Amino acid sequence: MQLGRKATHWARSIVVGAAALALAACQGSSLGSLPGTSISTDLAPQTTGDVIGTGSVRVGLLLPLSGSNGATSIGTVFRNSAELALSNFPNADIQLLIKDTGGTVEGGRAAAQSAIAEGAEFILGPVFSNAVSGAATIARSSGVPVVAFSTDTAVASTGVYLLSFLPAGDVKRIIGYAASQQKKSFAALIPDNSYGAVVEAAFRQEVGRAGARIVSIQRYSATGTDTSDLAAKAQAIAASAGQIDALFVPDGGGVPGLVVQTLSAAGANFGNLKVLGSGQWDTQQMKSNPLLAGSWYPGPDGAGFQSFADRYKSTYNSVPPRNATLAYDGVTLAAGLVRSAGQQRFSRNVLTNQDGFIGIDGLFRFLGNGQNERGLAVYQMTGSGSQVVSPAPRDFRTAR
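What counts as what
Residues numbered from 1 in each chain as written. Predicted model: local features only at pLDDT ≥ 70, side-chain atom pairs only at ≥ 80, totals over all residues. Heavy atoms only, no water. Helix = DSSP H or I, 4+ residues; strand = E, 2+ residues; numbered from the N terminus. Polar contact = N/O pair within 3.5 Å; in protein donor to acceptor, adjacent residues only side chain to side chain. Expected span 1.5 Å × (residues − 1). Contact = heavy atoms within 4.5 Å. Core = buried A, V, L, I, M, F, W, Y, C linked by side-chain atoms within 4.5 Å. Buried < 20%, exposed > 50% of the residue type's maximum accessible area, 1.4 Å probe, protein only. Phe/Tyr/Trp six-rings, centres within 6.5 Å; stacked < 30°, edge-to-face > 60°.

**Q** How should the side chain of Thr332 be read in this particular structure?
**A** Position of Thr332 among the secondary structure elements: in helix α10 (residues 325-340). Within the structure, Thr332 has its side chain in polar contact with the backbone oxygen of Tyr328 (distance 2.8 Å).

Given below as structure tokens:
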């Protein structure tokens, strides 16, 4: 079966409450077949545990509903977001099978096995990389695709796609934009941990792609509350500040403010030096820091999240974390594909179509290796908020 330009147009205007999630057209793509077909709920295996929705197509939603280190609260928020998505998509022909992973490899494996045994054709989640690894082993052997919420690209692969915001995407957008604004000499102050390793590799690649040069990369200890190593590495950057016109500081929290303060004390000229951040900067605390005024960072279009957050708060009487939209978009994606793509709905070619999808957080598409690309905006800090200096693209043909 083929869906071309004159065939089915994938729900570009699915209105979901006050926001919209539009699924891009699969233009000119040849769609492979999906093994199996949906089973009538009258004939399907009996479900166990928590279920949301009454549709004929079953989708597993694997979440950390037990465990430690805040896992339960994250799982609850994602479950609420999924429930909100279905309530705003009343004709969705899906049924969510909620399964607890406990945030572990074994829990992810057991949750996936349970969901698939009960007829799940598609899996959303898990959240943590360990659980994704466990779920993936079961899902692959059953031919069931997974759209997970982890940011660890090590667990991505063919058939296991990540919906989360990936560090490399942030780096690509902010370095590309800086280069377009004639920034030619870069430095970076990066945490010495696994996140830092990922962003450093992406930083080196994107600076090279832009034809610019790297003057200095400093790695600081990111353990505990001791900031002495960070301050020392910021001093090292300050010593070469005259040769730099862009400084990349991907860490959030108090790190960028301390770095700017250190460089200012050392006499750095911020008329020439632009500080660049990552998606970790997208917090009210950082937006309200006057030290960061004039800095740039990448992020999704904020209008969609605000609308979602208002509905979430009205329904659950609490403010959702920024990543709660992942579960909402995942559920709406599944429902939209069921409605628009027929028996091809969860095939690889459908999920990795080049035009991608538009969710609450804007444009995104899955790559064949399981990672994703997102259409991000670039914001400038004002000291009391932020403003868009480069809008998020609305399609991948114009994305930079």
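**Q** Explanation requested: helix α6 (residues 228-239) in the structure shown.
**A** Spacing of three or four residues puts side chains on the same side of an α-helix, whose turn is 3.6 residues. The end-to-end C-alpha distance of α6 is 17 Å, a good match for the 16 Å that 12 residues give at a rise of 1.5 Å each. As for α6, its buried residues are in contact with β12 (185-191), β13 (213-220), β14 (246-248) and α7 (255-265).

**Q** Any chance you could explain the nonpolar core here in plain terms?
**A** Considering soluble globular proteins, one finds that nonpolar side chains tend to be buried as a cluster. Residues Ile94, Leu96 and Phe149 are the most contacted members of the largest nonpolar core, which totals 44 residues. Contributing elements (two or more residues each) for this core: β7 (57-63), α1 (71-87), β8 (94-100), β9 (122-124), α9 (302-316), α10, α11 (348-351) and β18 (362-366). With 9 residues, α10 is the largest single contributor of residues to this core. When neighbours within four sequence positions are excluded, Phe149 is seen to be in contact with Leu61, Leu63, Phe78, Leu124, Gly125, Pro126, Val127, Leu163, Ser164, Leu326 and Ala327. Ala241, Leu247, Leu273 and Val275 belong to the second-largest nonpolar core, a separate cluster that totals 25 residues.

**Q** Quick question: what am I supposed to make of the packing of aromatic side chains here?
**A** The description of an aromatic ring pair uses the distance of the two centres, along with the angle that the planes make with each other. Using the criterion set out here, one finds 14 aromatic pairs in the structure. Both rings, one in Tyr312 and one in Tyr316, keep their centres 4.9 Å apart while their planes meet at 50°; by these two values the pair is tilted. Here Tyr312 pairs with Tyr316, and both are found in helix α9, just 4 residues apart, close to one helical turn. Given a relative accessible area of 22%, Tyr316 falls into the partly exposed group. Taking the centre distance of 5.7 Å and the plane angle of 70° together, the rings of Phe364 and Phe366 count as edge-to-face. The exposure class of Phe364 is buried, given its relative accessible area of 2%. Taken together, Phe305, Phe308, Tyr312, Tyr316 and Tyr328 form an aromatic cluster joined through their ring pairs.

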